[in-house]
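Listed below, chain by chain, are the residues.
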Amino acid sequence: MEPSGAPEPPAPTRPDAERVVLRLARPYLGRLLGAGLLAAATEFAGLALMATATWLLMSAAGRPPLDRLTVAIVAVRALAVGRGVFRYTERLAGHDAVLRMVTDVRARVFAALAARREGADRRTGDALSRLVSDVEAAQDLLLRVLVPGAAAALVSLLAVGGAALVSPPAAGVLAVGLLVAGVALPALATRLTRRAADEVAPLRGALAVDAVDLTHGAADLAAFGATDAALTAAEGRAGRLARLERRLAAVGFAVDATGVLVGGLTAAAVVVVALRAGVSGVLVGVLAVGTPAAVEVALALVAAARQRTQLRAGLARVADLLTEPAAPEPVGAPEPVSGGHDVRFEDVTVRYRAGAAPALAGFDLDLPAGRRVAVVGPSGAGKSTLAAALTGAVRPAAGRVTVGGVPVSAQPGDGLPRIVGGLLAEAYVFHATVRENLLLGRPDAGEADLAAATRAAGLLDWVRDQPDGWDTVVGEQGGQLSGGQRQRLALARALLAAPPVLVLDEPTEGLDPAAADAVLDSALAATPAGHSVLLISHRLSGLAGFDEILVLEGGRVVQRGRHEELVTRPGWYREQWLRQEAAERGYLALAP
Ligand SMILES: Nc1ncnc2c1ncn2[C@@H]1O[C@H](COP(=O)(O)OP(=O)(O)OP(=O)(O)O)[C@@H](O)[C@H]1O
């Protein structure tokens, strides 16, 4: 078996990926331009330093009067110091601009990943790789491609201009050498590495997925005897990545060596042409030393091109994520805030994928303040989707969900969680203490509040039995708790938060029937009057006190009413009720 980190196909590179990322850099353009100019000043100072120092040494050999050398001596010192200062300020300015932009990009990528429940197939490892290495691609595009590339191009032009002042024919030869180093070699490097580079980013993403799957799924892989196969598959991908990286490094080495050769040949040709043109010995010396230095500056464009090739796939993945069409906004102008916490679903349809059957279809529900509604139905009926639409985790394709008269999508960022909350599907228990997990629900809760909530969830006795009490650490994802204890802890946190609209998605999952009934009763008793409850459950026991019960099947409401009505009507509810009663009576009869 292969873990779910199956190899992702190479990302189709998008020609506009760089443009998408560069649009995000627009607010920082001024700073980036400054960094580019400082980078050019650094390179230019280096080149000028080399040329001036050569002129100084060769002129000094002829023992001229010292005052003829004074300007050059001062220039050498100024250029040497200036170069360091320019380099330092360029690094500061460039990193300042880019890190600001990256913070922005990372926040957007995070929001794009988080906003799409329908994108849940994007696995943790892949999401991590998108957030970390792909976003770094955006950073490198500016810092290692555009800024140094632009600086190298500018300084190459200045070098040709400077050489032209000494000898136009020699400047012509230098221009040819610089074109080879700064245009032909980068194009060659791009051509040779493009295909391999396109495979690297998705392979790194797949390896990150492997790492997460192999760690989190270790117990299950071992239980099914699939560890070796999973490791082999992951090693295969790691090996392929290593081969690709070796190939890229070899091509890089060959291109770099060619660059050095171009520098030497250009310098020789410049010297020959300059001598033939009758340039003085000192200036020929300056050209001979300055030419390889200028070619080296132009070779920065090779490095920039190589980087750019390696960044393409990562940039495409970032651009894909940032340009995915958002779910449609609900039609109609947002309504005035009426306050209160009446919940209304009006003809709500939710679709996770275009063309797929809706997870929720034409759903209507009134949940005025203080009302208690239970939603039941077979697995996959759309119950959790309904809760997700209420908490804003999924956006309806049609219809609308309002809380206090305001559509969920128009609620202010922190407004909705203060009204709607509770125990949602697969509640996360943090690797922290019981107290810290609970305080997430209500940070200012006192010990008495913690005790009341855990008592209602049936966990208080267990907490009191622990040597560390409230400070018991529960392990990663609550791994040091039993399934039932984990569920009770999550329920206690929801009860402690006590939102005016309490959503309980399978709050008694993992508990035996007697415990489930007791916990549901005490949880409901602990919910303040006036607070609404939306219970999602596959168990029908304990629903007698609910104002309305909805039976969902295939995303549609097939029955609705109170418990005493539904048990008498033929249909899913009655059948399921009789089945569960018989099963649980049998279970209780077996119990000691
Ligand atoms: N993130 C998702 N992406 C794509 N499809 C999804 C997603 N979540 C749910 N679905 C699909 O939507 C439908 C309804 O799922 P939902 O989780 O709402 O059902 P449920 O009634 O809560 O099921 P259960 O009782 O098993 O938890 C199912 O067909 C499911 O496959």
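Residues numbered from 1 in each chain as written. Predicted model: local features only at pLDDT ≥ 70, side-chain atom pairs only at ≥ 80, totals over all residues. Heavy atoms only, no water.

Looking at an unreviewed UniProt entry, one finds the chain named Thiol reductant ABC exporter subunit CydC and attributed to Micromonospora maritima. The Subcellular location (unreviewed entry) field of the UniProt record for the chain holds the comment "Cell membrane". (UniProt positions renumbered as here; feature names shortened; annotations may be inferred.)

Participant: Could you give an account of the overall build of the chain, with specific residues and numbers?
Facilitator: Per the secondary structure count, the chain includes 17 helices and 10 strands. Radius of gyration (C-alpha) of the chain: 34 Å, far over the 25 Å computed for a compact globule of 592 residues. The proportion of buried residues among the 592 residues of the chain is 44%. Put simply, 75% of the contacts in the chain that link residues at least 6 apart link residues at least 24 apart. With the model as given, the accessible surface of the chain reaches about 28,700 Å², and the carbon-plus-sulfur share is 60%. Distance between charge centroids for the chain: 10 Å, based on 58 positive and 59 negative side chains. (Helix = DSSP H or I, 4+ residues; strand = E, 2+ residues; numbered from the N terminus. Rg over C-alpha atoms; globule rule 2.2 N^0.38 Å. Buried < 20%, exposed > 50% of the residue type's maximum accessible area, 1.4 Å probe, protein only. Contact = heavy atoms within 4.5 Å. Areas by Shrake-Rupley, 256 points an atom, 1.4 Å probe, with all protein chains shown as cover. Lys, Arg positive; Asp, Glu negative; His and termini not counted. Charge placed at Lys NZ, Arg CZ, Asp CG, Glu CD.)

Participant: Can you tell me about the packing of helix 7 (residues 227-276) against helix 8 (residues 281-323), naming the residues and giving the values?
Facilitator: Look at helix 7 against helix 8: their axes get within 9 Å of each other, and the N-to-C directions meet at 155°. For the element pair helix 7 / helix 8, the angle class is roughly antiparallel. Relative to helix 8, helix 7 is oriented so that their crossing is right-handed. Taken together, the residues of the contact of helix 7 with helix 8 sort by class into 16 nonpolar, six polar and two charged. (Axes fitted to C-alpha atoms, helices over the stretch in contact; angles between N-to-C directions. Parallel < 35°, antiparallel > 145°, perpendicular 65-115°, else oblique. Left-handed = near helix turned anticlockwise from the far one by under 90°. Nonpolar A, V, L, I, M, F, W, Y, C, P; charged D, E, K, R; others polar.)

Participant: Give me the packing of aromatic side chains: which residues, what numbers.
Facilitator: Applying the stated criterion across every chain, the model contains one aromatic pair. Ring centres 5.2 Å apart and planes at 90° place the aromatic pair F345 and F363 in the edge-to-face group. Residue F345 is located in strand 1 (residues 343-350), and its partner F363 is located in strand 2 (residues 360-367); the two are separated by 18 residues in the primary sequence. As far as the burial class goes, F345 and F363 line up, both buried. (Phe/Tyr/Trp six-rings, centres within 6.5 Å; stacked < 30°, edge-to-face > 60°.)

Participant: If you had to explain the site of the ligand to someone new, which residues and values would you point to?
Facilitator: Taken together, 13 residues lie around the ligand, and S379, G380, K383, S384 and T385 are the ones closest in. One of the side-chain nitrogen or oxygen atoms of S379 is found 2.5 Å away from an oxygen atom of the ligand. Side-chain polar atom of K383 to an oxygen atom of the ligand: 2.8 Å apart, as the coordinates give it. (Near = heavy atom within 4 Å. Polar contact = N/O pair within 3.5 Å; in protein donor to acceptor, adjacent residues only side chain to side chain.)

Participant: Account for the nonpolar core, naming residues and giving values.
Facilitator: Residues L32, M101, V105, V109, L174 and L315 are the most contacted members of the largest nonpolar core, which totals 61 residues. Elements with a minimum of two residues in this core: helix 1 (17-25), helix 2 (29-61), helix 3 (70-115), helix 4 (124-166), helix 5 (168-216), helix 7 and helix 8. Looking at this core element by element, the count peaks at 17 residues for helix 8. (Core = buried A, V, L, I, M, F, W, Y, C linked by side-chain atoms within 4.5 Å.)

Participant: Lay out a positive patch on the surface in plain terms, naming residues and giving numbers.
Facilitator: A contiguous patch of positive charge on the surface is contributed by R195, R243, R246 and R247. Take the positive patch: its biggest share by element is three residues, from helix 7. Exposure remark for R243: the relative accessible area of 46% places this residue in the partly exposed category. (Patch = residues over 30% accessible without salt bridge, like charges linked within 9 Å, V, L, I, M, F, W, Y side chains within 5 Å. Salt bridge = Lys/Arg side-chain N within 4 Å of Asp/Glu carboxyl O.)

Participant: Break down the UniProt feature "transmembrane region" (unreviewed entry) in the chain for me, with residues and values.
Facilitator: Residues annotated by UniProt as "transmembrane region" (unreviewed entry) correspond here to residues 32-57, 141-164, 170-189, 248-275 and 281-305. As a span, residues 281-305 carries 100% helix and 0% strand, and end to end its C-alpha atoms are 37 Å apart.

Participant: So, the environment of A163: which residues are in play, and what are the values?
Facilitator: Locating A163 in the fold gives a position in helix 4. Overall, the relative accessible area of 5% leaves A163 in the buried class. Considering only alpha carbons, one finds A163 and F430, 267 residues apart in sequence, at a separation of 66 Å. Filtering out sequence-adjacent residues up to four positions away, A163 remains in contact with P168, A171, L174 and L287.

Participant: Tell me what's going on with the domain arrangement of the chain, and back it up with residues and numbers.
Facilitator: Parsing the chain into structural domains produces domain 1 (17-323) and domain 2 (343-590). Placing the centre of domain 1 and that of domain 2 at their C-alpha centroids yields a distance of 54 Å. (Domains from an automatic or database assignment.)

Participant: Outline the sheet that holds strand 1, listing residues and values.
Facilitator: Ordered by their spatial adjacency, four strands build an open sheet running 2-1-4-5, and the pairing between neighbours is antiparallel. Among the strands making up the open sheet, the edge pair consists of strand 2 and strand 5 (406-407). Direction of pairing for strand 4 (residues 398-403) relative to strand 5: antiparallel, over a ladder of two bridges. Its bridge partner lying in strand 5, T402 is registered against P407. Along the sheet, helix 9 (residues 383-391) makes contact with strand 1, strand 2 and strand 4, crossing strand 1 at roughly 120°. (Pairing = 2+ DSSP bridges.)

Participant: Account for a nonpolar patch on the surface, with residues named and values stated.
Facilitator: A cluster of nonpolar side chains, namely L33, L37, F44, L154 and L158, defines an oily patch on the protein surface of about 480 Å² accessible area. Going through the elements one at a time, helix 2 and helix 4 are the ones with two or more residues in the nonpolar patch. The element that contributes the greatest number of residues to the nonpolar patch is helix 2, accounting for three residues. Relative to the elements of secondary structure, L33 occurs in helix 2. Take L33: its relative accessible area is 59%, and that puts it in the exposed class.

Participant: Lay out the pattern of salt bridges with the relevant residues and their values.
Facilitator: Going through the model one piece at a time under the given rule, you end up with 23 salt bridges. Where D96 meets R31, a salt bridge forms, and the shortest distance between an N and an O atom there is 2.5 Å. Taken together, the positions of D96 in helix 3 and R31 in helix 2 put the pair 65 residues apart, joining distant regions of the chain. On the basis of relative accessibility, which here comes to 28%, the residue D96 falls in the partly exposed class. R144 is the partner of D140 in a salt bridge, and the nearest nitrogen-oxygen pair spans 3.2 Å. In this pair, D140 and R144 both sit in helix 4, four residues apart, roughly one turn of the helix. The class for D140 is buried, based on a relative accessible area of 15%. We classify R144 as partly exposed; its relative accessible area is 44%.

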